[in-house]
Amino acid sequence: MNILLSPEDLAFQAEVRAFIATHLTDEMRRGQRLTTSAFTEQAVFGGWQRALHARGWGAPAWPAEHGGPGWTPMQRYIFEMESALAGCPQLLPMGLNMVAPVIMRYGTPAQQTHYLPRILSGADYWCQGYSEPEAGSDLARLKTRARRDGDAYVVSGSKIWTSHAHHANRMFALVRTADTPRPQDGISFLLLDMASPGISIRPITTLGGDHEVNQVFFDEVRVPVSGLVGAENKGWTCAKYLLEFERGGGFRAPRLRRQLGDLRQLIDSAPQFDRARHDPQIRARLSAIEIDIDALTILQLRVLADVQAGRNPGAVSSLIKLCVTGVRQALTSLAVDALGQDALLWEPTRPLYRLAGDPGLPPEILAVMPGYLDARASSLTGGTAEIQHDIIARLVLGLP
Amino acid sequence: MDLAFSDEQNMLADMAGRYLAGQPAGSWPDFCQMGWTGLLVPEGHGGSGLTLVDAGIVAAACGAARMTAPLLETAVLGVRLILGLGRPDQQGAWLPALCRGDLRLAPALCEPGGPDPLSSTCRAARQGDGWQISGQKTLVAGGASADLFLLQARDVATGRLQVFAVPATAPGLTRRPGQGVDGRPVDRLDLDGVPVPASAMLDAQPDAAAGVQSALDAMLTAMCFEAAGAMEALLQATIDYTKTRRQFGRALAENQVLRHKMVQMKLHIELARAAALHAALADGTPDQSRAASGAKARMASAALVVGETAVQLHGGNGVTDELSVGLYFKRLLALRLQFGGPDHHLARHGDLTAGVAA
């Protein structure tokens, strides 16, 4: 067991740090810090994505044949860790990490040639059409229908909680193409153009005051059959593939560590935290969070060791995701408690990094309550905490 | 960087598990022969020269088996006190004998006043060429078979903490046998002007505080590994019980609430074990103390949740002394509180963090 980086990895780490020092601006860092919603706005990440793409680092997880940098798992980890610790903007996962792997695995050469470069460059902006008003955790019971009509599918129905649908020019969606005894067997994976006639979008405001998610309505939307990925009625397989592709990746502990560092800095310096700064209970909660971040880092490094050695990390990855959610919610909750009464003063302007004039309190303080409220969604997105518990009970603990 | 266990470490875990499965109480001669007493002793002194991670692997196996002999007290706390504070002649006299089992020693650092050995109220006064030591010690494990007690006391003249090797037969030393909540023999020691020669002080350093802290850090970390092993065994026992026990026409394990409680137990165990590994990897680095307190705090909170939940899920049988569940629970309570519980160590982690920031 060895905790030290090799000379090659140390050199790579230095290279990443030098790149960040050159290309990460204060404005980008500030914009990311003041992002309380799950995903970052293009105004914050756009410049950073362009710089990464110019360097050939736009898609760390992609294989080299499709434009990835050909990094080892350890190099991917180092890159994600350094980016997170430096407070770099987070790129959107919908194109780069969700639809792209499916297109690589199940798409036709024509689809790969057309879509992948546009995802890599950021020319296409993707959203994910999965959840529906009647199908959240029970996603297989989705009802948005795609009826075959000549060389097109005609799509009717509705998707909800669609992040950034109001910005996106493309959507990948799970749609029903057949009514089957097992609902999963009648689902297809379809790529849509968001400019198609018949698509309308209703914004949804979250508890944190952000417009990030939407409801999307499809009224007889014609989608060319060339938008079908994989075989008809085999879309559920594509969706499940994503979970396998993600396994072992996604090192979230460094991002939490950065957020804890930002909170510590705020508590140590802002006058609004004068009372909390020396409160033993606040300090104990800070320590407890840091201890869990250290523990999560160890767990993720052990997963990395398995991935590097070609071993399947197993179901511990689902445990890690659940722990990460817990820490994120504990962190945002602590920030509110430490701020106390001042956390009740609400600033409605969004995004917060565009706040002009004198808002009375610094934006970092105004972001505390929205940050806590938006973090309530962490235990719901990508599978609710309760579903995760069910999965872990079956797959990790072997319960009947 | 590779955080997978090495082949040797996997073999160590495997061998320890199989030995203790056949003989949960262990035997001291076996421990010596397998190299467990000398895990952290350098090879030059007859030991295996292994790391705190390796000691943790053995500790976890001991926790899973509820091995009750004071192995960690000797092999981790005692050895690290000697290595950190002992003069070369003391190391040469004690370490090889300890490895062979010819010498039995018992650290006696806990005092009734509080969990922090560095706040000792035991007094050491110079008397001629030697010292007289007075005060009280508590929760001393291995006292019945000890040849030597390693204990700390404060030099009344300088205020500095020092560590002394006090023979079990020393005049003025009274051992009061007792029992811990976990059923293990733990003694109180009353020291009433116990005379020790100057040579009995472990004085490789002018002030023993840092050495005591460092040895304690290693012990805290080893205890966290023991607890992780115990918690994992307790979870497995709970899974087995709930799959077997049937009420209302189905196994307890088919009830979602209970399944989720067992998942919560697993989360606590994984985080506590990872915190212990983090602390073991920090051994010998500037982050050692902070990581050790972090691990102890995390283990303490996990131990309570895991222990209480296991008892609860075993129903009526869980609150008797008839099942191993209760025995694991009580051992976890001891590990949780000895040398400081969660509040103490969270505060210490916070103080050390502030010190780092400053």
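The coordinates are above.
Owing to the predicted nature of the structure, the values given are computational and were not obtained by experimental measurement. (Residues numbered from 1 in each chain as written. Chains lettered and ligands numbered in written order. Predicted model: local features only at pLDDT ≥ 70, side-chain atom pairs only at ≥ 80, totals over all residues. Heavy atoms only, no water.)

Undergrad: Tell me about helix α5 (residues 93–106) of chain A, and name the residues and values.
TA: Residues and elements named next belong to chain A. With 14 residues, α5 extends 18 Å between its outermost C-alpha atoms, agreeing within 8% with the 20 Å of an ideal straight helix rising 1.5 Å per residue. At Val 99, α5 shows its strongest bend, of approximately 35°, with the proline Pro 101 following within four residues. The element α5 is largely enclosed, with a buried count of 11 among its 14 residues. Considered for burial, the residues of α5 that qualify are Pro 93, Met 94, Gly 95, Leu 96, Met 98, Val 99, Ala 100, Pro 101, Val 102, Ile 103 and Met 104. (Helix = DSSP H or I, 4+ residues; strand = E, 2+ residues; numbered from the N terminus. Expected span 1.5 Å × (residues − 1). Bend = angle between axes of the 7 residues up to and from the residue. Buried < 20%, exposed > 50% of the residue type's maximum accessible area, 1.4 Å probe, protein only.)

Undergrad: So what's going on with the pattern of salt bridges? Which residues, and what values?
TA: Where side chains of opposite charge bring their charged atoms close, a pairing between them can arise. Evaluation of the coordinates by the stated rule reveals 41 salt bridges over all chains. Asp 262 of chain A is the salt-bridge partner of Arg 258 of chain A, the closest N and O atoms lying 3.4 Å from each other. Remark: Asp 262 of chain A and Arg 258 of chain A occur in helix α8 (residues 253–269); sequence separation between them is four residues, near one turn of the helix. You can call Asp 262 of chain A buried: its relative accessible area is 15%. For Glu 270 of chain B, the salt bridge goes to Lys 266 of chain B, with nearest N and O atoms at 3.0 Å. Of the two residues, Glu 270 of chain B and Lys 266 of chain B are both situated in helix α7 (residues 256–281); the distance of four residues between them amounts to about one turn of the helix. When its relative accessible area of 10% is taken as the criterion, Lys 266 of chain B is described as buried. Salt bridges here are not isolated pairs; linked through shared partners, they connect Arg 264 and Glu 290 of chain A together with Asp 287 and Arg 290 of chain B. (Salt bridge = Lys/Arg side-chain N within 4 Å of Asp/Glu carboxyl O.)

Undergrad: How would you explain the packing of helix α3 (residues 52–65) of chain B against helix α6 (residues 209–244) of chain B if you had to name every residue and give the values?
TA: All names here are of chain B. For the pair α3 and α6, interaxial distance at closest approach is 7 Å and the crossing angle is 40°. Considering the angle they form, α3 stands oblique to α6. The way α3 lies across α6 gives a crossing that is right-handed. Every residue of α6 that contacts α3 at Leu 52, Gly 56, Ala 59, Ala 60, Gly 63 and Ala 64 is listed here: Ala 218, Thr 221, Ala 222, Phe 225, Glu 226, Gly 229, Ala 230 and Ala 233. For the contact of α3 with α6, the residue count by class is nine nonpolar, four polar and one charged. (Axes fitted to C-alpha atoms, helices over the stretch in contact; angles between N-to-C directions. Parallel < 35°, antiparallel > 145°, perpendicular 65-115°, else oblique. Left-handed = near helix turned anticlockwise from the far one by under 90°. Contact = heavy atoms within 4.5 Å. Nonpolar A, V, L, I, M, F, W, Y, C, P; charged D, E, K, R; others polar.)

Undergrad: Help me get a handle on unusual backbone geometry, residues and values and all.
TA: The peptide bond linking Arg 350 of chain A to Pro 351 of chain A adopts the cis configuration, its omega dihedral lying at -5°. Mapped onto the elements, Pro 351 of chain A comes out in the loop between α11 (316–339) and α12 (363–366). A positive phi is found at His 164 of chain A, a non-glycine position, where the angle reads about 65°. Its location among the elements puts His 164 of chain A in the loop between β3 (152–160) and β4 (170–176). For His 164 of chain A, a relative accessible area of 0% puts it in the buried group. The phi dihedral of Phe 339 of chain B falls on the positive side, at around 65°, and the residue is not glycine. Structurally, the position occupied by Phe 339 of chain B is in the loop between α9 (324–337) and α10 (342–357).

Undergrad: An account of the interface of chain B and chain A is requested, with residue identities and associated values reported.
TA: With 39 residues of chain B at the contact, the number on the chain A side is 40 residues. The three residues of chain B that bury the most area against chain A are Met 1, Leu 3 and Arg 259 of chain B, which together make up 23% of that side's buried surface. Viewed at the interface, chain A and chain B are joined by three salt bridges. Linking Asp 351 of chain B and Arg 283 of chain A is a salt bridge whose minimum nitrogen-to-oxygen distance equals 3.0 Å. If you look at where chain B meets chain A, you find 14 residue pairs in polar contact (both at pLDDT 80 or more). Elements that contribute at least two residues to the side of chain B that touches chain A include exactly α6, α7, α8 (288–313) and α10 of chain B. Top contributing element to the side of chain B that touches chain A by residue count: α7 of chain B, with 15 residues. (Buried area = accessible area lost by both parts, 1.4 Å probe. Polar contact = N/O pair within 3.5 Å; in protein donor to acceptor, adjacent residues only side chain to side chain.)

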